[in-house]
Amino acid sequence: MDKLEAAKAHFAALVEEQLARVERMKNDTGAVDYSKLDQIIIGCCGGDGIGPAITAEAERVLRAVLKDDVASGKIIFKQIDGLTIENRIAANKAIPDDVLAELKACDIILKGPTTTPSKGDGPNIESANVAMRRELDLFANVRPVAVPEEGIDWTFFRENTEGEYALGSKGIALDADMSFDFKVTTTQGTERIARQAFEFARKNGKKRVAIITKANILKKTDGKFLELCYKVAKEYPEIEVDDWFVDIISANLINEKVRKNFEVFVLPNLYGDIITDEAAQIQGGVGTAGSANVGNKYAMFEAIHGSAPRMVETGREQYANPASMIKAAELLLRHIGYKDEADRVIAALKIANDTIKMTGRNDGATGAEFANCVIENL
Ligand code: IPM
Ligand code: MG
């Protein structure tokens, strides 16, 4: 087959796959109600690098704050060990089948960082994160950022299953001279993330939602995203809505005069990835942020930083700061309806952040000491 025919066939297969995904979204029966479950299974999946160490500390905090419900059997913890880079390379899969089956047997997942292989690191397998978001249809990536002393209280709703990411590992390298990647935006995918953002704003007394795109250039995909967000906004007349291009919003976030006026953001996948790292840095660094990946059936909570393999190579993983995983645990609690427990964790986490000195080395505290401080202050 010549290269043009091969590219056409490849593209046709991608379109078929995306059409099937649209059908699945159309048939989705809506969000699970955790208050109606007799039992909630929390899967703790350590991942790579410092992941297992910091996830174990966050799990200890969860077990402490949930101890009555753990004792009664309402909350069950499951350990999921196999999501390591070694296993993924051995299986040549972003998520080995047995691990995926274990994840699907849980209601909710606390996940440590996983190493994403990049070109040159051996088999160029897809990111485990991206695969998990797709396999469990975790369409909303919710990332809160707060700097109370500056009046900053932002919540980002990053679309998590579409955009450049949906087909990120399925581009076409046509020949030695030319490659394509693809970006996809669907009506169902956009409306569901927009609705999450506006519902959150309504339920939490937020007055303003900002839509972020580059719709002046990406006219088909971002243009659709923008139009549909405005359409959903009509259902929320009490909420003020406006839109910004991703370039100027990244400038506005470092403009101290205007940034505190923003509250909720809704944005496509790639821009959400970039802007939320910028926002986390304003809060104190990517190590301070937690992230919720929410779907209708499953939800997964994680830190937004990486797996820091160098800390493990130099024998320092016990000094890794579990704050972002504990923040993820707090988001998990809130999601399953344990609001008071979540408030207790966040208050105790603040005390630990203010009193325990973490340096990532043996001149600072260990992750276990940090978590002990959180647990003592719950
Ligand atoms: C994030 C991360 C991931 C992403 C990587 C690890 C695939 O940067 O959660 O923001 O790009 O989504
Ligand atoms: Mg990122």
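Residues numbered from 1 in each chain as written. Chains lettered and ligands numbered in written order. Predicted model: local features only at pLDDT ≥ 70, side-chain atom pairs only at ≥ 80, totals over all residues. Heavy atoms only, no water.

A. Summary view of the layout of surface pockets. Quantified by volume, the second largest pocket comes out at close to 710 Å³. Residue lining of the second largest pocket: 28 residues in total, with Thr-116, Ser-127, Asn-129, Val-130 and Tyr-165 positioned closest to the centre. When residues of the lining of the second largest pocket are traced back to their parent elements, those giving at least two are α6 (128-135), α11 (269-283) and β12 (299-303). The biggest single contributor to the lining of the second largest pocket is α6, with three residues. (1 Å grid on protein atoms, 1.4 Å probe; cavity = no way out; pocket = protein on both sides within 12 Å on 5 of 7 lines; lining within 4 Å. Points joined across faces, edges and corners; volume = space filled by probe spheres on them. Helix = DSSP H or I, 4+ residues; strand = E, 2+ residues; numbered from the N terminus.)

B. Structural context of the site of ligand 1. The local shell around ligand 1 consists of Thr-116, Ser-127, Asn-129, Val-130, Arg-133, Arg-143, Arg-158, Tyr-165 and Asp-273. The contact in question runs from an oxygen atom of ligand 1 to an N or O atom on the side chain of Arg-143, over 2.7 Å. Arg-158 places a side-chain nitrogen or oxygen 2.8 Å from an oxygen atom of ligand 1. Contact with the protein chains removes 78% of the 320 Å² of surface that ligand 1 exposes when unbound. Comparing atom positions with the cavity grids shows ligand 1 to sit within the second largest pocket. If you tally residues by element for the shell around ligand 1, the top one is α6, at three residues. Its residues assigned to classes, the shell around ligand 1 shows two nonpolar, three polar and four charged. (Near = heavy atom within 4 Å. Polar contact = N/O pair within 3.5 Å; in protein donor to acceptor, adjacent residues only side chain to side chain. Areas by Shrake-Rupley, 256 points an atom, 1.4 Å probe, with all protein chains shown as cover. Sits in = over half its atoms within 2 Å of the grid points. Nonpolar A, V, L, I, M, F, W, Y, C, P; charged D, E, K, R; others polar.)

C. Examining the pattern of salt bridges more closely. On inspection of all chains with the given rule, the structure shows 32 salt bridges. In this structure, Arg-134 and Glu-126 form a salt bridge, with 2.7 Å as the shortest nitrogen-oxygen distance. Looking at Glu-126, the relative accessible area reads 17%, which means it is buried. Close ionic contact of Lys-183 with Glu-164 constitutes a salt bridge, the shortest N to O distance being 3.3 Å. Of this pair, Lys-183 sits in the loop between β7 (178-180) and α8 (187-203) while Glu-164 sits in helix α7 (residues 163-166); the two residues are 19 residues apart in sequence, bridging distant segments of the chain. Judged by its relative accessible area of 23%, Glu-164 falls in the partly exposed class. (Salt bridge = Lys/Arg side-chain N within 4 Å of Asp/Glu carboxyl O. Buried < 20%, exposed > 50% of the residue type's maximum accessible area, 1.4 Å probe, protein only.)

D. Summary view of α11. Between the first and last C-alpha of α11 there are 21 Å, a value that for 15 residues agrees with the 21 Å anticipated at 1.5 Å per step. Where α11 is concerned, the buried positions are Asn-269, Tyr-271, Gly-272, Ile-275, Thr-276, Ala-279, Ala-280 and Ile-282. For α11, the angular spread of buried residues about the axis comes to 155°, placing them on one side. Turned more than 90 degrees off the buried face of α11, the exposed positions are Ile-274 and Gln-281. Two residues or fewer past α11, Gly-284 is found with a positive phi of approximately 140°. (Expected span 1.5 Å × (residues − 1). Arc of directions from axis to C-beta.)

E. Just the packing of aromatic side chains, in detail. Using the criterion set out here, one finds eight aromatic pairs in the structure. With centroids separated by 6.1 Å and ring planes inclined at 80°, the aromatic side chains of Trp-154 and Phe-156 adopt a geometry described as edge-to-face. Judged on exposure class, the residue Trp-154 and its partner Phe-156 are both buried. Aromatic pair Trp-154 and Phe-265: ring centres 6.2 Å apart, planes at 85°, arrangement edge-to-face. Taken together, the residues span a long stretch of sequence, with Trp-154 in strand β5 (residues 152-159) and Phe-265 in strand β10 (residues 264-267) at a distance of 111 residues. Both residues of the pair, Trp-154 and Phe-265, count as buried. Members of the aromatic cluster, each reached through a chain of ring pairs, are Trp-154, Phe-156, Trp-244, Phe-262 and Phe-265. When the ring centre of Tyr-165 is taken as origin, the NZ or CZ atom of Arg-158, which lies over that ring, is 5.0 Å away. (Phe/Tyr/Trp six-rings, centres within 6.5 Å; stacked < 30°, edge-to-face > 60°. Lys NZ or Arg CZ within 6 Å of the ring centre and 35° of its normal.)

F. Up close: the sheet that holds β10. Strands sit in the order β2-β1-β3-β12-β11-β4-β5-β10-β8-β9 across an open sheet of ten strands; the sheet is mixed. Edge positions in the sheet fall to β2 (75-80) and β9 (240-245), since each has one partner strand and no second. Here the strands of the sheet are splayed against their neighbours by 20° on average, with no regard to which way each runs. Strand direction decides the pairing type here: strand β4 (residues 140-147) and β5, joined by eight bridges, are antiparallel. Looking at the pairing, Pro-144 lines up with Thr-155 of β5. In the packing of helix α5 (residues 97-104) onto the sheet, the strands contacted are β1 (40-45), β2 and β3 (108-111), and the crossing angle to β2 comes to about 170°. Here helix α13 (residues 323-335) sits on the sheet in contact with β1, β3, β4, β11 (290-294) and β12, set at roughly 155° to β12. (Pairing = 2+ DSSP bridges. Axes fitted to C-alpha atoms, helices over the stretch in contact; angles between N-to-C directions. Contact = heavy atoms within 4.5 Å.)

G. Fine view of the side chain of Glu-59. Tracing the sequence through the fold places Glu-59 in helix α2 (residues 51-65). According to the relative accessible area criterion, Glu-59 is buried, its value standing at 10%. Dropping the residues within four chain positions of it, Glu-59 is found in contact with Cys-44, Phe-77, Gln-79 and Leu-110.

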